[in-house]
Amino acid sequence: MEAAIAQRVHYPSWVDCRKFERKPHGSLRYSQRIKEEKRFRGVALAHLQPERRNDRRGSVSSEVSCSDNNSAALLQAGSVHPFDEDLILKSKAEEVKPYLYGRSIYLVGMMGSGKTTVGKLMSKVLGYSFLDCDTLIEQAMDGTSVAEIFVHHGESFFRGKETDALKNLSLMYQVVVSTGGGAVIRPINWKYMHKGISIWLDVPLEALAHRIAAVGTNSRPLLHDDSGDAYTVAFKRLSSIWDERGEAYTNANARVSLENIAAKRGYKDVSDLTPTEIAIEAFEQVQSFLEKEETMEIPDGDL
Ligand SMILES: Nc1ncnc2c1ncn2[C@@H]1O[C@H](COP(=O)(O)OP(=O)(O)OP(=O)(O)O)[C@@H](O)[C@H]1O
Ligand SMILES: O=C(O)C1=C[C@@H](O)[C@@H](O)[C@H](O)C1
């Protein structure tokens, strides 16, 4: 495994994205516009709320009156029907999309963290394409699987192909990218991913090990090991990978912590979270990042 861990990169470069679609001058500030748009959406959501049902995780809110923070309040109460979740996700995506200016989204995270599952949901509601970096590498290698690339060419060769794929992706707009779990370890990859907005799906190792033990490790060469109980083996391997690269994930623009979402919703376990709830949180974290980005000084050279 590559030992080099990316150093923290402080200033993402948006140069190309601004060329793609520049922020309108003289418009309302981002946060102010978001607040106004939320007010309108709150009213719209009020007409769309289906009847609350007592069929999810035992907790039922009484009729929730519509307000600016209707969607957030519903989610925090832990009483959202899946139909509501879908509406909230769509609404969140619509709030955020105009401020992405076409920038792509890069999901980073450990193997099994849900980059593909959550990424597909996000791409759908954004009207973006979805691309999986590992799949692009396999296509570039005439269909050779990632596992075979590791066996026949070694990890270092694979990492080179991964960087090539990210370089190509960085030239694209309006794509949600599920990156490989190890894409974070090379600093050059961050240069490419920072052309868009990166989101780290931060999932506890125990939950990852459960997911991976359930689906097997055939397609995940760094975890593959037939000896012993699948959960224990996966947990051990994930722990040592985490020790090597945990820090590198913090380069992402936004962090989606499943533990934090579960705590906010009052769930005991992160496994109670649906991919849609995670995608909603991802948009909220992107929103926070965009608000901070707005206050960032743009160096003259980048304009
Ligand atoms: N929120 C969730 N709750 C429970 N299981 C999930 C959740 N999200 C994803 N999974 C399951 O975990 C497994 C891994 O998910 P997924 O393929 O989306 O992760 P990934 O980050 O793309 O993985 P990798 O980088 O290893 O390809 C899948 O079996 C998926 O169904
Ligand atoms: O975490 C990793 O290093 C990897 C994750 C997978 O997505 C693949 O990119 C490959 O198996 C390596």
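The model shown is predicted, which means the values in this text are computed figures rather than measured ones.

Q: Requested: an account of the site of ligand 1, with residues and values cited.
A: In the neighbourhood of ligand 1, 17 residues make up the surrounding shell, with Met111, Gly114, Lys115, Thr116 and Thr117 lying closest. Ranked by residues supplied to the shell around ligand 1, first place goes to helix H5 (residues 115-126) with three residues. Here the residues of the shell around ligand 1 are counted per class, giving five nonpolar, nine polar and three charged.

Q: Outline the site of ligand 2, listing residues and values.
A: The full set of residues close to ligand 2 is Met111, Asp134, Val146, Gly180, Gly181, Gly182, Arg220, Pro221 and Leu222. Residue classes in the shell around ligand 2 are distributed as four nonpolar, three polar and two charged.

Q: So, the environment of Lys115: which residues are in play, and what are the values?
A: Here Lys115 lies in helix H5. Judged by C-beta crowding, with 27 C-beta atoms within 10 Å, Lys115 ranks as buried. Between the alpha carbons of Lys115 and Ile199 there is a distance of 9.4 Å; along the sequence they are 84 residues apart. Setting aside anything within four residues of it in sequence, one finds Lys115 in contact with Leu107, Gly109, Ser178, Thr179 and Leu201.

Q: How would you explain the packing of helix H10 (residues 205-215) against helix H11 (residues 230-245) if you had to name every residue and give the values?
A: The contact between H10 and H11 brings their axes to 8 Å, and the two run at 130°. It follows from the interaxial angle that H10 and H11 lie oblique. Crossing of H10 against H11: the hand is right-handed. Residue-level inspection shows Leu205, Glu206, Leu208, Ala209, His210, Ile212 and Ala213 of H10 in contact with H11, the latter providing Ala230, Tyr231, Ala234, Phe235, Leu238, Ser239 and Trp242. For the contact of H10 with H11, the residue count by class is 11 nonpolar, two polar and one charged.

Q: Give a detailed account of the sheet that holds strand S1 (residues 105-108), specifying residues and quantitative values.
A: Within the open sheet, the five strands sit side by side as S2-S3-S1-S4-S5. Their pairing is parallel. Each edge of the open sheet is held by one strand with a lone partner, namely strand S2 (129-132) and strand S5 (254-257). In this sheet, neighbouring strand axes are inclined to one another by 20° on average, regardless of whether the strands run parallel or antiparallel. Pairing between S1 and strand S4 (residues 197-202): four bridges, direction parallel. When the bridges of S4 are listed, Val108 appears paired with Trp200.

Q: Before we move on, could you go through helix H6 (residues 133-140) and cite the residues and values that matter?
A: Of the residues making up H6, those classed as buried are Cys133, Asp134 and Ile137. Down the axis of H6, the buried side of the element spans an arc of 105°, and every buried residue falls inside it. Buried-residue contacts for H6 involve S2, helix H7 (146-153), helix H8 (155-169) and strand S3 (175-178).

Q: Before we move on, can you summarise the nonpolar core with the specific residues and values?
A: Counting residues in hydrophobic clusters, the biggest one holds 62 residues, and the most contacted among them are Leu107, Met122, Ile199, Ala279 and Ala282. Examining the composition of this core, we find that seven residues originate from one element, helix H13 (residues 275-295), more than from any other. Here Ala279 is in contact with Leu89, Val118, Leu121 and Met122, once residues within four sequence places are set aside.

Q: So what about the confidence of the model for the chain? Which residues, and what values?
A: Within the chain, residue pLDDT values average 79, and 70% of them lie at 70 or more. A low-confidence stretch, residues 1-28 (pLDDT under 50), is modelled with 45 contacts involving residues beyond four sequence positions or located in other chains. Within the model, pLDDT remains below 50 along residues 40-69, and this stretch shows 40 contacts once partners closer than five positions in the same chain are excluded. Reported confidences for the modelled complex are a pTM of 0.78 and an ipTM of 0.98.

Q: Account for H11, with residues named and values stated.
A: Residues three or four positions apart in an α-helix share a direction because the helix packs 3.6 residues into each turn. Here H11 contains 16 residues, and its C-alpha end-to-end distance of 22 Å stays within 8% of the 22 Å for a straight helix at 1.5 Å per residue. Residues of H11 that are buried: Ala234, Arg237, Leu238, Ile241 and Arg245. Across the axial projection of H11, the buried residues extend over an arc of 100°, all falling on one side. Seen from the buried face of H11, the exposed residues on the opposite side, beyond 90 degrees, are Thr232, Ser240 and Asp243. Each element contacted by the buried residues of H11 is listed here: H10.

Calculation notes
- Residues numbered from 1 in each chain as written.
- Chains lettered and ligands numbered in written order.
- Predicted model: local features only at pLDDT ≥ 70, side-chain atom pairs only at ≥ 80, totals over all residues.
- Near = placed C-beta within 6 Å.
- Helix = DSSP H or I, 4+ residues; strand = E, 2+ residues; numbered from the N terminus.
- Nonpolar A, V, L, I, M, F, W, Y, C, P; charged D, E, K, R; others polar.
- Buried ≥ 20, exposed ≤ 12 C-beta atoms within 10 Å, placed from the backbone.
- Contact = placed C-beta atoms within 7 Å.
- Axes fitted to C-alpha atoms, helices over the stretch in contact; angles between N-to-C directions.
- Parallel < 35°, antiparallel > 145°, perpendicular 65-115°, else oblique.
- Left-handed = near helix turned anticlockwise from the far one by under 90°.
- Pairing = 2+ DSSP bridges.
- Arc of directions from axis to C-beta.
- Core = buried A, V, L, I, M, F, W, Y, C linked by C-beta atoms within 7 Å.
- pLDDT = per-residue confidence, 0-100.
- Expected span 1.5 Å × (residues − 1).

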